[in-house]
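Spelled out, the chains give:
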Amino acid sequence: MKTWTPKSLIAFEEKIAELFNKGEIRAPVHLSDGTEESLIELFKEVKGEDWIFCSWRSHYQCLLKGVSPEDLESEIVAGRSIALSFPTHNIYSSAIVGGQIPIAVGAAISLQRSKSKSHVWCFIGDMTSETGMAQTAIRYSEKHNLPIIFVIEDNGISVLTETRKVWNSSTLRFEENMNSIVRSFKYTSKYPHAGAGKRVQF
């Protein structure tokens, strides 16, 4: 498996941005930036047999889970950037807000019942973490001692709306109620919510 560095992850995403701006990718893309070091450190804990569930921004997670850059690029160019799925690598992403959460919890229940040593890692954004779906899933998983970790990627915004401003609070629930099955990290990105900042897609 390729060893990824922040520089090599950034180079991959910049290539995708270039392809998108040239019009060679004719479907939505959500690009990553600013999460490289946090994800590389976290994936040191992820085993090959573990399951990864993500939102529409999952290029880095796919690469760090072992998907080849060639296979990933092919899927992105084919228009599947926001719903990437690689069953042989146990990775799944959803274009629906929070769509990966119940599936991740179901996978964790299955692993627990089968007494598997595998683990589930569910990646969500800071605004998604405030939804009832996420809060219920986290509470249920904690109380049932499921083999799952929720990773909150906190960029402080939902599209263009400031998350904490929406809730009129300087803190979000995961910051107010620390939980052993929740991890989080903050980041800022050079990319807009969707696209690569040059080509406009309708």
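Residues numbered from 1 in each chain as written. Predicted model: local features only at pLDDT ≥ 70, side-chain atom pairs only at ≥ 80, totals over all residues. Heavy atoms only, no water.

Draft legend 1. Up close: the overall build of the protein. Looking only at helices and strands, the protein has 8 helices and 8 strands in total. Relative to the compact-globule value of 17 Å for 202 residues, the protein shows a C-alpha radius of gyration of 17 Å, a close match. Along the first, second and third principal axes, the C-alpha atoms of the protein reach 50 × 40 × 30 Å. Looking at the protein as a whole, 49% of its 202 residues qualify as buried. Taking contacts inside the protein between residues at least 6 apart in sequence as the whole, the part at least 24 apart equals 74%. (Helix = DSSP H or I, 4+ residues; strand = E, 2+ residues; numbered from the N terminus. Rg over C-alpha atoms; globule rule 2.2 N^0.38 Å. Buried < 20%, exposed > 50% of the residue type's maximum accessible area, 1.4 Å probe, protein only. Contact = heavy atoms within 4.5 Å.)

Draft legend 2. Broad picture of the sheet that holds strand β5 (residues 148-154). As summarised here, the arrangement of the 6 strands in space is β2-β3-β1-β4-β5-β8, forming an open sheet in which the pairing is mixed. The open sheet has two edge strands with one neighbour each: β2 (85-86) and β8 (182-186). In terms of strand pairing, strand β1 (residues 51-54) meets strand β3 (residues 91-93) through 3 bridges, oriented parallel. Looking at β3, one finds that Cys54 is bridged to Ser93. (Pairing = 2+ DSSP bridges.)

Draft legend 3. Region of interest: the environment of Arg26. Its location among the elements puts Arg26 in the loop between α1 (6-21) and α2 (36-42). For the pair Arg26 and Thr136, spaced 110 residues apart in the sequence, the C-alpha separation amounts to 36 Å.

Draft legend 4. Here's a closer look at the pattern of salt bridges. For the coordinates displayed, the defined rule picks out 11 salt bridges. Put simply, Glu41 and Lys44 hold a salt bridge, and the shortest N to O gap is 3.0 Å. The exposure class assigned to Lys44 is exposed, which follows from its relative accessible area of 61%. For Glu130, the salt bridge is made with Arg173, and the minimal N-O distance between the two is 3.9 Å. Of this pair, Glu130 sits in the loop between β4 (120-125) and α6 (132-143) while Arg173 is found in helix α8 (residues 173-176), placing the two residues 43 residues apart along the sequence. For Glu130, a relative accessible area of 6% gives the class buried. Several salt bridges share partner residues, and in doing so they unite Asp154, Arg164, Glu175 and Lys186 into one network. (Salt bridge = Lys/Arg side-chain N within 4 Å of Asp/Glu carboxyl O.)

Draft legend 5. Main features of the pairing of β1. Where β1 lies against β4, 3 bridges are found, and the strand directions are parallel. Note that in β4 the partner of Trp51 across the bridge is Val120.

Draft legend 6. Layout of the layout of surface pockets. Of the volumes computed, that of the largest pocket is approximately 550 Å³. Forming the boundary of the largest pocket are 27 residues, of which Arg57, Asn155, Ile157, Tyr187 and His193 lie nearest the centre. Those elements that place two or more of their residues in the lining of the largest pocket are β4 and β6 (157-158). Considering only residue class, the lining of the largest pocket consists of 11 nonpolar, 12 polar and 4 charged. (1 Å grid on protein atoms, 1.4 Å probe; cavity = no way out; pocket = protein on both sides within 12 Å on 5 of 7 lines; lining within 4 Å. Points joined across faces, edges and corners; volume = space filled by probe spheres on them. Nonpolar A, V, L, I, M, F, W, Y, C, P; charged D, E, K, R; others polar.)

Draft legend 7. Seen up close, unusual backbone geometry. The phi dihedral of Asn145 falls on the positive side, at around 55°, and the residue is not glycine. Note that Asn145 resides in the loop between α6 and β5. With phi around 50°, Asn168 is a residue other than glycine that occupies positive phi space. The residue Asn168 is located in the loop between α7 (163-166) and α8 in this model.

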